[in-house]
2 protein chains.
Amino acid sequence: MQISSRFTVALHVLACIATFSGQKKVTSVFLAESVNTNAVIIRNILLQLKAAGLIRVDRGTGGAYLKQPADEISLLDVYKAIEPLENGKLFRIHENPSKDCPVGRNIYEVLDGRLSAIQEVMELKLRSMSLADILADLNDRIEEQKD
Amino acid sequence: MQISSRFTVALHVLACIATFSGQKKVTSVFLAESVNTNAVIIRNILLQLKAAGLIRVDRGTGGAYLKQPADEISLLDVYKAIEPLENGKLFRIHENPSKDCPVGRNIYEVLDGRLSAIQEVMELKLRSMSLADILADLNDRIEEQKD
DNA sequence: CTCTGTTGTAATTTTATTTATTACAATGAT
DNA sequence: ATCATTGTAATAAATAAAATTACAACAGAG
């Protein structure tokens, strides 16, 4: 089961905001065209990024802006802003295993710590990467393509 | 978006097979009761574990058995046996971003490597844990509960 | 103050996926 | 031959993602 595209859409959105800030007004319609999706999808993602304090969105006049320097926005910040994990747990454990079976009775406690450790390394890696890293790669590619 | 419970169900199933091997015949019906789900769900998971070479399932007579020592079955083996990831990619990247936008044109290439690196650390951690580790924890708890 | 472009939000639909269920042929030991 | 069991198909129900439509709220520009 893949992690939904909302996370990568959010990264795309943030990359656009950072890239075009100052040059043009970054609206949900503009973003929807760049991502190739519906503007309401974008607006909802913008709302989540705003709620997490990562961006500012100007009502009425329109436009989205970073509220933090790109090197202070980690991919984990974005991931947590976007992915509404139940209990914050990446892995789902089946519910109500049999209390009559010694395995069923104990499986949750045994798995929970290990699954959390797996999630932890993933989140550490997410934290080690920033929006600035993505922008740097992006700029390199864009510069190359100018020839 | 959480990873489906099929993975943890598979771990539960393997733990039962290892725990009860020799003591009782481990059938899909028995497993379904321990997990608290439908026997067909279990059978399909058994088929996947069998296809991955982790277990043997006896047709007709019934019963499932480990084909490898528990310390040679890593959680990654189980995860890969169970999770049918498209292209093997954990993260989904939205399709057909605008070729007219410099961000849209390059976002896939820029994100792909980083997302793969994140998946990589998660898989390394999964590989570092074995079914034997789970069985050890499980046995400790079961022994404690015998009092 | 009205017009205009935009955001916030609700409601609904479409599509995909997971989980559950029913049914039954195929299997293989007894 | 019987019987418990697996393999498999077909389908339904539940959940979730993604897309769409509609419109009130907003805020600057004229």
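Preceding this section is the structure that the text describes.
Each chain has its residues counted from 1, following the order in which its sequence is written. To label them, take the chains in the order written and letter them from A, then take the ligands in the order written and number them from 1. pLDDT decides what is reported in this predicted model: residues at 70 or higher carry local features, side-chain atom pairs at 80 or more are listed and counted, and totals for whole chains, interfaces and linings draw on all residues regardless. To obtain the side-chain values, all non-hydrogen atoms of the structure were included, while hydrogens and water were left out.

Whenever I open this one, the relation of the copies chain A and chain B confuses me. Can you help?
To superpose the copies, least squares is applied to the C-alpha atoms of every residue with a pLDDT of at least 70 in both. Relative to chain B, chain A is turned by 180° and slid 0.0 Å along the rotation axis, the superposed coordinates differing by an RMSD of 0.0 Å. Each copy turns onto its partner about a two-fold axis. Among all residues of chain A, the one whose C-alpha sits closest to the rotation axis is Met122 of chain A, at a distance of 2.7 Å. Residue contacts follow a heavy-atom distance rule, with two residues in contact if any of their heavy atoms lie within 4.5 Å. Most of the interface of chain A is mirrored in chain B, where 100% of its interface residues are also at the interface.

Please clarify how the protein's contact with DNA strand D should be interpreted in this entry.
Around DNA strand D lies a shell of 26 residues, among which Ser5 and Thr37 of chain A together with Ser28, Arg43 and Lys50 of chain B are the nearest. Nearness is defined per residue: one heavy atom within 4 Å of the molecule or strand is enough. The sugar-phosphate backbone supplies 61% of the atoms of DNA strand D found within 4 Å of the protein. Within the side chain of Ser5 of chain A, a nitrogen or oxygen atom sits 2.8 Å from a phosphate oxygen of DNA strand D. Here a polar contact means two N or O atoms within 3.5 Å. Within protein one must be a hydrogen donor candidate and the other an acceptor candidate, and residues neighboring in sequence count only if both atoms are side-chain atoms. At 3.4 Å from a base nitrogen of DNA strand D is found a main-chain nitrogen or oxygen belonging to Gly60 of chain B. Secondary structure is summarised from DSSP: a helix means a run of H or I of at least four residues, a strand means a run of E of at least two, and numbering begins at the N terminus for each. Those elements that place two or more of their residues in the surface near DNA strand D are helix 3 (39–51) of chain A together with helix 3 (39–51) of chain B.

Got a minute to help me understand the protein's contact with DNA strand C in this structure?
Around DNA strand C, the structure places 25 residues, and the nearest of them are Ser28, Lys50 and Gly60 of chain A together with Thr37 and Gly60 of chain B. Close to the protein, within 4 Å, the atoms of DNA strand C belong to sugar or phosphate groups at a rate of 60%. Interatomic distance of 2.9 Å between a side-chain N/O atom of Arg43 of chain A and a base oxygen of DNA strand C. Within the backbone of Gly60 of chain B, one N or O atom sits 3.4 Å away from a base oxygen of DNA strand C.

Even after reading the chapter, I still don't get the pattern of salt bridges, so can you show me in this structure?
Side chains carrying opposite charge are able to pair once their charged atoms draw close together. One speaks of a salt bridge when a side-chain nitrogen belonging to Lys or Arg is within 4 Å of a carboxyl oxygen belonging to Asp or Glu. Under the criterion given, the structure shown has 10 salt bridges over all chains. Of the charged contacts in the structure, one is a salt bridge between Glu123 of chain A and Lys80 of chain A, with a shortest N-O distance of 3.5 Å. Residue Glu123 of chain A is found in helix 5 (residues 102–127), and its partner Lys80 of chain A is found in helix 4 (residues 75–82); the two are separated by 43 residues along the sequence. Exposure classes here rest on a 1.4 Å probe applied to the protein chains alone. A residue is buried below 20% of its type maximum, exposed above 50%, and partly exposed in between. For Glu123 of chain A, a relative accessible area of 12% translates into the label buried. On the basis of relative accessible area, Lys80 of chain A is assigned to the exposed category, the value being 52%. Among the salt bridges present, the one from Asp112 of chain B reaches Lys89 of chain B, with a minimum N-O distance of 2.8 Å. Of the two residues, Asp112 of chain B sits in helix 5 (residues 102–127) while Lys89 of chain B sits in the loop between helix 4 (75–82) and helix 5, which places them 23 residues apart along the sequence. Residue Lys89 of chain B is classed as partly exposed on the basis of its relative accessible area of 22%.

So what exactly am I meant to see when it comes to helix 1 (residues 6–20) of chain B here?
Structural remark: α-helix, 3.6 residues per turn; residues separated by three or four positions point the same way. Residues and elements named next belong to chain B. The span expected for a helix works out to 1.5 Å for each residue beyond the first. An ideal rise of 1.5 Å per residue puts 21 Å on 15 residues; helix 1 measures up with 21 Å between its terminal C-alpha atoms. Of all 15 residues in helix 1, 12 are buried, a share of seventy percent or more. Looking only at helix 1, the buried set comprises Phe7, Thr8, Val9, Ala10, Leu11, His12, Val13, Leu14, Ala15, Cys16, Ile17 and Phe20. Phi for Gly22, located one or two positions after helix 1, is positive at around 90°.

Could you clarify how one ought to interpret the interface of chain A and chain B in this entry?
Reports often express the size of an interface as the amount of accessible area lost when the parts come together. Contacts between chain A and chain B engage 60 residues on the former and 60 residues on the latter. Defined here as a combined quantity, buried area equals the accessible surface (1.4 Å probe) lost by two parts on assembly, summed across both. Note on chain A versus chain B: buried area summed over both sides is about 5,500 Å², and carbon and sulfur give 67% of it. Counting the surface chain A buries against chain B, the share from its top three residues, Met1, Gln2 and Arg114 of chain A, is 15%. On inspection of chain A and its partner chain B, the count reaches two salt bridges. The salt bridge partner of Arg114 of chain A is Asp137 of chain B, with a shortest N-O separation of 2.9 Å. Linking chain A with chain B are 29 residue pairs in polar contact (both at pLDDT 80 or more). Counting residues per element, the ones that place at least two in the side of chain A that touches chain B are helix 1 (6–20), helix 2 (28–35), helix 4, helix 5 and helix 6 (131–144) of chain A. If you tally residues by element for the side of chain A that touches chain B, the top one is helix 5 of chain A, at 17 residues. Each residue belonging to the side of chain A that touches chain B can be placed in one class, and the counts come to 33 nonpolar, 14 polar and 13 charged. Under the grouping applied here, Gly and all other residues not named as nonpolar or charged are polar, the nonpolar ones being Ala, Val, Leu, Ile, Met, Phe, Trp, Tyr, Cys and Pro and the charged ones Asp, Glu, Lys and Arg.

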